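Structural description and commentary
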Amino acid sequence: MTARVIDGKAFAARVRAQVAAHVARLRDEHGLVPGLAVVLVGEDPASQVYVRNKGTQTTEAGMQSFEHRLPAQTSEADLLALIAALNADPAVHGILVQLPLPKHLDSDLAINAIDPAKDVDGFHISNVGLLGTGQKAMVPCTPLGCLMLLRDHHGSLAGLNAVVVGRSNIVGKPMAQLLLGDSCTVTIAHSRTKDLGAVCRGADILVAAVGRAEMITGDMVRPGATVIDVGINRVERNGKLRLVGDVDYASAAAVAGAITPVPGGVGPMTIACLLANTLTACCRAKGLPEPDGLTA
Ligand code: GUN
């Protein structure tokens, strides 16, 4: 079998178009413009690229983008003061503090200082608790994007065996909660799991989010399974830098029923879902109906 390729790039473009259409209606009918504030501390090159892309896509969707670039040596007090000001700013509906922060800053403290209603990353402890108890939460963007791709491919996920490889707070744990919310039977595996291959072969849905290049190989995939590759790893091949996922694409695609490529799979969904979350946060803040299909 050769797997169907799940085109995350095309799907993300549809999500952005849906967000933009809803944003235009908010502006025309309510004079309301959703605003997203992104806080970047320091000069991490990868973070600078992400933040630039977020700003561009936010503006393209018709929303306001506020960028706050702080020097690497910013004090905790100054960072917390900025977050407090953004919490109080009525033009700001979503706040994202780009991670990782410089080592002298406590990221848990910063994230938990964000108003949970504006926490478009879904990292605040109250959003984590709301998601874990099946209540209305702000949901982390990357797992939300994976869920959208899976719902689009399968329709109902009820009763399917899902294995999530990876236990991070950003992807693995919220992904497992979301799949459970859609009535999957969920296993969380990780780099220390015994006989990882056997565990993975039990999966109808296999989500790879371990952060190890090409760790999941075709022999670990059940024939016909859906494989979602969250990994983005830079590796050197034949003297060139290449992006690869946590899945060995060639061997897995020969066995799977459907698979996301890297690049062009899950990656583009993350910013699309950040825009969706900003719109959702704005609608909730104003007591307006939420957009269909853009939330968990
Ligand atoms: N750094 C890498 N990914 C993310 C993300 O999804 N959110 C934040 N805030 N920082 C990140």
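The residue numbers shown here count from 1 along each chain, following its written sequence. For a predicted model such as this one, the threshold for reporting local features is a pLDDT of at least 70, and the threshold for listing and counting side-chain atom pairs is 80 or more; totals across whole chains, interfaces and linings nevertheless cover every residue. Think of the side-chain values as coming from all heavy atoms in the structure, minus any hydrogens and water.

1. Considerations on the side chain of histidine 124
Filter applied, for reference: Here a strand is any run of E in DSSP of at least two residues, a helix any run of H or I of at least four, and the numbering for each starts at the N terminus. Pairing of N or O atoms within 3.5 Å defines a polar contact, subject to two protein rules: one partner must be a possible hydrogen donor and the other a possible acceptor, and residues neighboring in sequence count only if both atoms are side-chain atoms. Two residues qualify as a contact provided that any one of their heavy atoms is within 4.5 Å of a heavy atom in the partner residue.
With respect to the element layout, histidine 124 can be found in the loop between helix H4 (107–113) and helix H5 (125–132). From its side chain, histidine 124 meets the backbone oxygen of asparagine 112 in a polar contact 3.1 Å long. From its side chain, histidine 124 meets the backbone nitrogen of serine 126 in a polar contact 2.9 Å long. Ignoring sequence-local partners within four residues, the contact set of histidine 124 consists of Ile111, Asn112, Ile114, Pro116 and Asp119.

2. Concerning the site of the ligand
Condition: Any residue with at least one heavy atom within 4 Å of a molecule or strand is counted as near it. What sets the accessible areas is the Shrake-Rupley method with a 1.4 Å probe; for residues, cover comes only from the shown protein chains.
Around the ligand, a shell composed of Leu96, Val97, Gln98, Leu99, Asp121 and Phe123 is seen. One of the side-chain nitrogen or oxygen atoms of glutamine 98 is found 3.2 Å away from a nitrogen atom of the ligand. In the model, a nitrogen atom of the ligand is placed 2.8 Å from a nitrogen or oxygen of the leucine 99 main chain. Summarising the interface, the protein chains cover 80% of the accessible area of the ligand, which totals 280 Å² for the free molecule.

3. Here's the deal with the sheet that holds strand E7 (residues 205–208)
The test is simple: By this definition, two strands are paired if DSSP reports at least two bridges between them. Axis lines are fitted through C-alpha atoms, for helices just across the contact stretch, and the angle between N-to-C directions can take any value from 0 to 180 degrees.
Strand order in the open sheet formed by 6 strands is E1-E11-E8-E7-E5-E6, and the pairing between neighbours is parallel. Either end of the sheet is taken by a strand with one partner, and the two such strands are strand E1 (4–5) and strand E6 (185–189). Bridging between E7 and strand E8 (residues 226–229) involves 4 bridges; their strand directions are parallel. Each bridged residue has a counterpart across the sheet, and for isoleucine 205 the counterpart in E8 is threonine 226. Contacting strand E5 (161–165), E6 and E7, helix H7 (residues 172–181) crosses the sheet at an angle of about 170° to E5.

4. Considering the packing of helix H6 (residues 141–154) against H7
Heads up, the rule is: Note on convention: near helix rotated counterclockwise from far helix by under a right angle means a left-handed crossing. Clockwise means right-handed. Each residue gets one label: Ala, Val, Leu, Ile, Met, Phe, Trp, Tyr, Cys and Pro are nonpolar, Asp, Glu, Lys and Arg are charged, and the others, such as Gly, are polar.
Contact pair H6 / H7: the axes reach a minimum separation of 9 Å and the direction vectors enclose 35°. Helix-helix and strand crossings are classified by hand; for H6 and H7 the assignment is right-handed. For the pair H6 and H7, contact is made by Pro143, Leu144, Cys146, Leu147 and Leu150 and by Pro174, Met175, Leu178 and Leu179, respectively. Looking at side-chain class alone, the contact of H6 with H7 contains 9 nonpolar, no polar and no charged residues.

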